[in-house]
Amino acid sequence: MSDVAREAGLSLATVDRVLNGRGGVTPDKERRVMAVARRLRLDRALRLRPTRTLRIAVLIQPPTNPFHAALRAGFDLAAKLHVDLGLQLHVCHIDQNDPAGIAAAIRMEAERCDALIVSLPAAPRVAQALTEARVPVVTLATDIAESGRAAYVGPDDHRAGRVAGDLMGRFLGADGGEVVMLAGRLDIAGQRAREAGFREVLAERYRRTRLTDVLESGEDGDRAGRLAHRVLRSQPGVRGIYLASAGAGPVVAALRRLGRAESTILITHEMTPDRRALLRARAIDAVIDQNPELEARLAVEAVARLLGRLEGEATDIPTEIAIHTCETA
């Protein structure tokens, strides 16, 4: 303990209170003691559960969005895996169509929490509220770089869009054809990046495959189905749909109603249970998955590093994507 006190620049009494779980020490001093104790490989510090519980607010969409339901499951698992870190995860469901409400939620949670993990649209009000938050912020699955966040955990959405474009071009073959993209919200940075990547690949490699429309569903799955039905009725030359957000079931239903399920290529993201079933039934041609459960765990670990509960520097964590067809569903 004397070595720890000397390295941390603190009194022996303070080190004793931390290592023996007596409390009454500020979070900053506790972090310094724990960091030095781990560096010096003091066994009891490696096993120590912090005396002060840190509260982490998680702002995501409601579980009616399958991707965010998977994120919620990932946070539940992370809480069990890292119970020794003394982190309490408080999940707040937001209305992604209400930037003012989201900004208010950010301000409220930043006042009573030690850190934020967010998966939110990059509306100016939202970015400003995150910038003003006086706690560490980790963006998840879609970035808001202009917010000054401490770290981003998630895929390279531009690359994922390029993968979708390459798959579409290959599925349609040399003849190509018209395709449409059904986005959720283009004020979500990840959605814009996917569109840009998708366009790039078609322009570079598949000149006969033309993106004719990019339509926003507002992350409403039923609306995505209605948009698909309308565009297929009005544009009979459409041979492919790139669904970059919610609504796989309603879009497939629209294809089936119009007798287009066999002749229209459908590529989407996120291997949720409903999309796995549709992929197995060959109603979806390919799913590009980013493993939201893993991303949630990595985001919790990034926050733990920012708060001194895990060793190492908290940096951006790019996550891998995987391509699934009916044979891997």
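As a reminder, the structure under discussion sits directly above these lines.
To start, this report covers the structure provided alongside it. The structure presented is a predicted model; accordingly, all values stated were derived computationally and were not measured.

Conventions used here
Residues numbered from 1 in each chain as written. Predicted model: local features only at pLDDT ≥ 70, side-chain atom pairs only at ≥ 80, totals over all residues. Heavy atoms only, no water. Helix = DSSP H or I, 4+ residues; strand = E, 2+ residues; numbered from the N terminus. Buried < 20%, exposed > 50% of the residue type's maximum accessible area, 1.4 Å probe, protein only. Contact = heavy atoms within 4.5 Å. Areas by Shrake-Rupley, 256 points an atom, 1.4 Å probe, with all protein chains shown as cover. Lys, Arg positive; Asp, Glu negative; His and termini not counted. Charge placed at Lys NZ, Arg CZ, Asp CG, Glu CD. 1 Å grid on protein atoms, 1.4 Å probe; cavity = no way out; pocket = protein on both sides within 12 Å on 5 of 7 lines; lining within 4 Å. Points joined across faces, edges and corners; volume = space filled by probe spheres on them. Core = buried A, V, L, I, M, F, W, Y, C linked by side-chain atoms within 4.5 Å. Arc of directions from axis to C-beta.

1. Section: the overall build of the chain
- If you tally the helices and strands in the chain, you get 13 helices and 12 strands.
- Each principal axis of the C-alpha distribution contributes one length, and for the chain these read about 75 × 40 × 30 Å.
- Looking at the chain as a whole, 53% of its 329 residues qualify as buried.
- Relative to all contacts within the chain whose residues are 6 or more apart in sequence, the contacts with residues 24 or more apart total 66%.
- Put simply, the chain shows about 14800 Å² of open surface, and 47% of that area lies on carbon and sulfur atoms.
- Averaged over its 47 positive side-chain charges, the chain has a centre that lies 2 Å from the centre of its 43 negative ones.

2. A short note on empty space enclosed by the protein
- Counted by the stated rule, this structure contains 2 cavities of 30 Å³ or more.
- Size it by volume and the largest cavity reaches roughly 330 Å³.
- Surrounding the largest cavity, 25 residues form its lining, Phe67, Gln191, Arg194, Glu219 and Glu270 being those nearest its centre.
- Sorting the residues of the lining of the largest cavity by element identifies helix 5 (66–81) and helix 9 (189–205) as the ones contributing at least two each.

3. Details of the nonpolar core
- Judged by nonpolar contacts, the single largest core of 26 residues is most densely connected at Phe75, Leu87, Ile117, Val138 and Leu140.
- Those elements that place two or more of their residues in this core are strand 1 (54–60), helix 5, strand 2 (87–93), strand 3 (115–118), strand 4 (137–140), strand 5 (151–154) and helix 13 (292–306).
- The dominant element in this core, judged by the number of residues it contributes, is helix 13, at 7 residues.
- Contact partners of isoleucine 117, with chain neighbours within four places excluded, come to Ile56, Ala57, Val58, Leu59, Phe75, Val138, Leu140, Ala299, Val300 and Val303.

4. Concerning helix 11 (residues 248–257)
- Restricting attention to buried positions, one finds in helix 11 the residues Ala248, Val251, Val252, Ala254 and Leu255. Projection of helix 11 onto a plane perpendicular to its axis shows the buried side chains occupying an angular sector of 155°, all on one side.
- The elements touched by buried residues of helix 11 are strand 6 (177–183), helix 10 (221–234), strand 8 (238–243), strand 9 (265–269) and helix 12 (273–280).
- Glycine 259 occupies a position one or two residues after helix 11 and carries a positive phi of about 65°.

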